[in-house]
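# Structure at a glance
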Amino acid sequence: MSLRLAIFLADFDGQRACLAAKGSAGLKPCLLCANCVAAYSPAAEAGAFLRISECDIGRFSPLQEGELHQLMDRTLPRLAQYTQQQRKLRETLLGFNFQLCSLWNCRVARSQLSLGKVCNDSMHCYFANGIAGLEMLLFLQQVKRKLGVGVERIADAACSAGWQRPARKRSQHGETAYWHKRLWRPTLFIGDFYKGSASQTVALMSLLRWFTLQLGWSDVAAIAPYARCFLALCRCAQLVLRIDVTRSFDALEAAQQEHQRLFVELYPHSVRPKHHHRLHLPSHYRKFGVVVNCWPTEAKHKDYKGVVARHTQHFLQEENGGRSHSMRLLPKLLLRGCVLLREANVQRPPSFELDGELAAETVRQQFGRSDCRAALGVAWGLLRLKADDVLWWGETRRDAGVLRLCVVADGALHLCMQQLSLQQEDQSMRVFRLQAPTFFQPCAQLHMLGHPEWTSRKDDRVVCLL
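To start, this report covers the structure provided alongside it. (Residues numbered from 1 in each chain as written. Predicted model: local features only at pLDDT ≥ 70, side-chain atom pairs only at ≥ 80, totals over all residues. Heavy atoms only, no water.)

## Concerning the pairing of strand β6 (residues 372–380)
Looking along a regular strand, one sees side chains alternate from face to face of the sheet. How we decide: Exposure classes here rest on a 1.4 Å probe applied to the protein chains alone. A residue is buried below 20% of its type maximum, exposed above 50%, and partly exposed in between. Each helix is a run of H or I in the DSSP string that is no shorter than four residues. Each strand is a run of E no shorter than two, and both are numbered from the N terminus. Pairing between two strands is assigned when DSSP locates at least 2 bridges connecting them.
For β6, a buried count of seven out of nine residues is recorded, marking the element as mostly surrounded by other parts of the structure. Looking at chain direction, strand β5 (residues 352–357) and β6 are connected through five bridges and run antiparallel. Within β6, the position partnered with E353 by the bridge is A379. Relative to strand β9 (residues 399–409), β6 is paired through four bridges, and the arrangement is antiparallel.

Shown next, in the form of structure tokens:
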């Protein structure tokens, strides 16, 4: 929730709880569309309503909040006159619950938290028990059924290929070869969704996309339609993950519409409300002018479960709405957030802090200057860079290099890198060849600087996965 921009950001369950809406399994699975109904609803046959499988978001009619307010103002005072069956029927048709103690019974509260301030969350739509985790399982089931290739064989091939995560994720988050192996645990593939975290889902999608293209599954007739649909999903996910920088809202809208069409054709009985919820994302980003998501909130959730919960969970009580627990929990989370921000050295404009700084004499001998500093690593904004990291930049990810030194000259941060020359590319990867010369590049000129999702090196050949 941003107080300055007044955006209500949450997953659907959070929106539903705050706005007293019916559950996602109900007849009306969207808070924002007046004519959106569940996948199983026969109401769509009448022509006035559209199921969540509809791929064109422009065909849906926005819910008129003024009409909803008038209906609530008429109904809530007379709630006692309805039988339980009458009340349940009206709630089902409306898509909202009639509750005296709710947002809709307070004019001040509903003016502050209106439907016009709701923003859907891309992380929950796609990666946290979202449609990416759903389709990965559906796709792997088809690969097993039609090609006889099970998850175990793919996992063995992936783990033996030597893929590596970025150095920072290996050192600080433990994303080692063991972490890679745990991505493929059989228990994570039981049920309707891949049960890994959002970060694990992103990492696994990257590997599966590479396998799909390298093994030519999109050219094998038996599996080609399913492979094309999965690749379309990967395209949507890639756009979503970079949308805050690229602001390619039109491209995201078109990609989502295309994927929705392919998915509905192949898996008509597996369409979920999140397939519809994500269609609102481009219009929300255009409307608010900013891109917000729940990735930072998910990190706070991990902090709570891993660090704070054991100190506050004994205060979890129903009394006074759980106030006792909140009063003890929130200051601890705020303090930890401040500590992490201090460690990250996050400022505007992004500042930098050298790590593993070289001696002044060594720098003078190497660069012939005594007015610069050099180090083997740097913390620059939210980026953590280390010598020998593979870095790439630009929206197309065709420019890349291997970091050798971080140099501060004339008050600006420069990266000394060994050139990587692009040799091959497709939707899943970029293949580079390491060149002999090194070059200096000001960090400020490296648009969308970052690490590949996975890298694999052999001699002077470097493979980077998107």
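Right, picking up where we left off after that structure.
## Side note on the environment of Q64
The line we're drawing: Here a polar contact is taken to be a pair of N or O atoms separated by no more than 3.5 Å, where protein atoms must pair a possible hydrogen donor with a possible acceptor and residues adjacent in sequence count only if both atoms sit in side chains.
One can find Q64 in the loop between β3 (50–51) and α2 (65–75). Separated by 212 residues in the primary sequence, Q64 and H276 place their C-alpha atoms 19 Å from one another. Side-chain polar atoms of Q64 contact the backbone oxygen of P62, separated by 3.4 Å.

## Here's the deal with the environment of L358
Inclusion rule: The criterion used for residue contact is that any of the two residues' heavy atoms lie within 4.5 Å.
Tracing the sequence through the fold places L358 in the loop between β5 and α17 (360–367). The class for L358 is partly exposed, based on a relative accessible area of 24%. In sequence terms L358 and R373 are 15 residues apart; their C-alpha atoms lie 7.5 Å from each other. Setting aside residues up to four positions removed in sequence, L358 forms contacts with V363, A374, A375, L376 and L405.

## Overview of the packing of aromatic side chains
Put simply, the test is: For Phe, Tyr and Trp, rings pair up if their centres lie within 6.5 Å, where Trp contributes its six-membered ring, and each pair is then called stacked (planes under 30 degrees apart), edge-to-face (over 60) or tilted (otherwise).
This structure, assessed with the given rule, holds 13 aromatic pairs. Ring geometry for Y126 versus F127: centroids 5.8 Å apart, planes at 35 degrees, classification tilted. By the burial criterion, Y126 is buried, and F127 matches it. When the ring of W184 is compared with that of F189, the centres are 6.4 Å apart and the planes differ by 15 degrees; the resulting orientation is stacked. The pair W184 / F189 is uniform in exposure class, with both members buried.

## Remarks on the packing of helix α6 (residues 131–147) against helix α10 (residues 198–214)
Axes are the key here: two packed helices are described by the angle between their axes and the distance separating the axes. Note the following rule: Each axis is a line fitted through C-alpha atoms, and for a helix only the stretch in contact is used; angles between axes span 0 to 180 degrees, taken between their N-to-C directions. Take the far helix as the reference: if the near one is turned anticlockwise from it by less than a right angle, the crossing is left-handed, and if turned clockwise, right-handed. Classes in brief: Ala, Val, Leu, Ile, Met, Phe, Trp, Tyr, Cys and Pro nonpolar; Asp, Glu, Lys and Arg charged; the others, Gly included, polar.
At a minimum axis distance of 11 Å, the contact between α6 and α10 shows a crossing angle of 35 degrees. In this structure, α6 meets α10 at a crossing whose hand is left-handed. Listed contacts from α10 to A132, G133, M136, F139 and L140 of α6 are T201, L204, M205, L208 and T212. In the contact of α6 with α10, the residues fall into seven nonpolar, three polar and no charged.

## Here's the deal with the nonpolar core
Defined as follows: We define a nonpolar core as any set of buried Ala, Val, Leu, Ile, Met, Phe, Trp, Tyr and Cys residues linked to one another through side-chain atoms lying within 4.5 Å.
Judged by nonpolar contacts, the single largest core of 96 residues is most densely connected at L19, F96, W104, Y126, F127, F139 and W184. The contacts of Y126, once residues within four sequence positions are left out, are I131, A132, G133, L233, C236, A237, V240, Q256, R278 and L281. Judged by nonpolar contacts, the second largest core, of 18 residues, contains L385, C406, F439 and L446.

## Focus: empty space enclosed by the protein
Quick reminder of the rule: A 1.4 Å probe that fits into a set of points on a 1 Å grid over the protein atoms alone but cannot get out defines a cavity; an open set with protein on both sides within 12 Å along at least five of seven lines defines a pocket, and lining residues are those with an atom within 4 Å of a point. Grid points are joined across faces, edges and corners, and a volume is the space filled by probe spheres set on the points.
Applying the stated criterion across every chain yields a total of four cavities of 30 Å³ or more. The calculated volume of the largest cavity comes to roughly 60 Å³. Forming the boundary of the largest cavity are twelve residues, of which K28, C30, L31, L94 and F96 lie nearest the centre. Around the second largest cavity sit A10, D11, F12, Q15, N120, D121, H124, C125, K274 and H277, which together line it.

## Some words on the pattern of salt bridges
Rule in force here: By salt bridge we mean one thing: a side-chain nitrogen of Lys or Arg within 4 Å of a carboxyl oxygen of Asp or Glu.
For the structure on display, the rule yields 18 salt bridges. The salt bridge partner of E357 is R373, with a shortest N-O separation of 2.9 Å. Linking E357 in strand β5 with R373 in strand β6, this pair joins segments that are 16 residues apart in sequence. Among the residues examined, R373 registers a relative accessible area of 40% and is labelled partly exposed. A salt bridge links E425 to R398; the shortest N-O distance between them is 2.9 Å. Linking E425 in strand β10 (residues 412–425) with R398 in the loop between β8 (390–393) and β9, this pair joins segments that are 27 residues apart in sequence. For R398, a relative accessible area of 37% translates into the label partly exposed. Put simply, D73, R107 and R110 are held in one network by salt bridges that share partners.

## Remarks on the pairing of strand β11 (residues 429–442)
Two strands pair when backbone bridges link them, and β10 and β11 are joined in this way by ten bridges, in the antiparallel orientation. In the strand pairing of β11, M417 is matched with F439. Counting the residues in the hairpin turn of β10 and β11 gives three residues. Bridge analysis of β11 against strand β13 (residues 461–465) gives five bridges, and the strand direction is antiparallel. Bridging from a neighbouring strand, R430 pairs with C464 of β13.

## Some points on the side chain of Q142
Checked against the element boundaries, Q142 lands in helix α6. What makes Q142 buried here is its relative accessible area of 11%. For Q142, the contacting residues outside a window of four places in its chain are L147, I223, Y226 and Y267.

## Observations regarding unusual backbone geometry
The phi dihedral of D388 falls on the positive side, at around 80 degrees, and the residue is not glycine. Looking at the element boundaries, D388 is found in the loop between β7 (383–386) and β8. Among the residues examined, D388 registers a relative accessible area of 39% and is labelled partly exposed. Even without being a glycine, D410 presents a positive backbone phi close to 55 degrees. Take D410: its relative accessible area is 68%, and that puts it in the exposed class.

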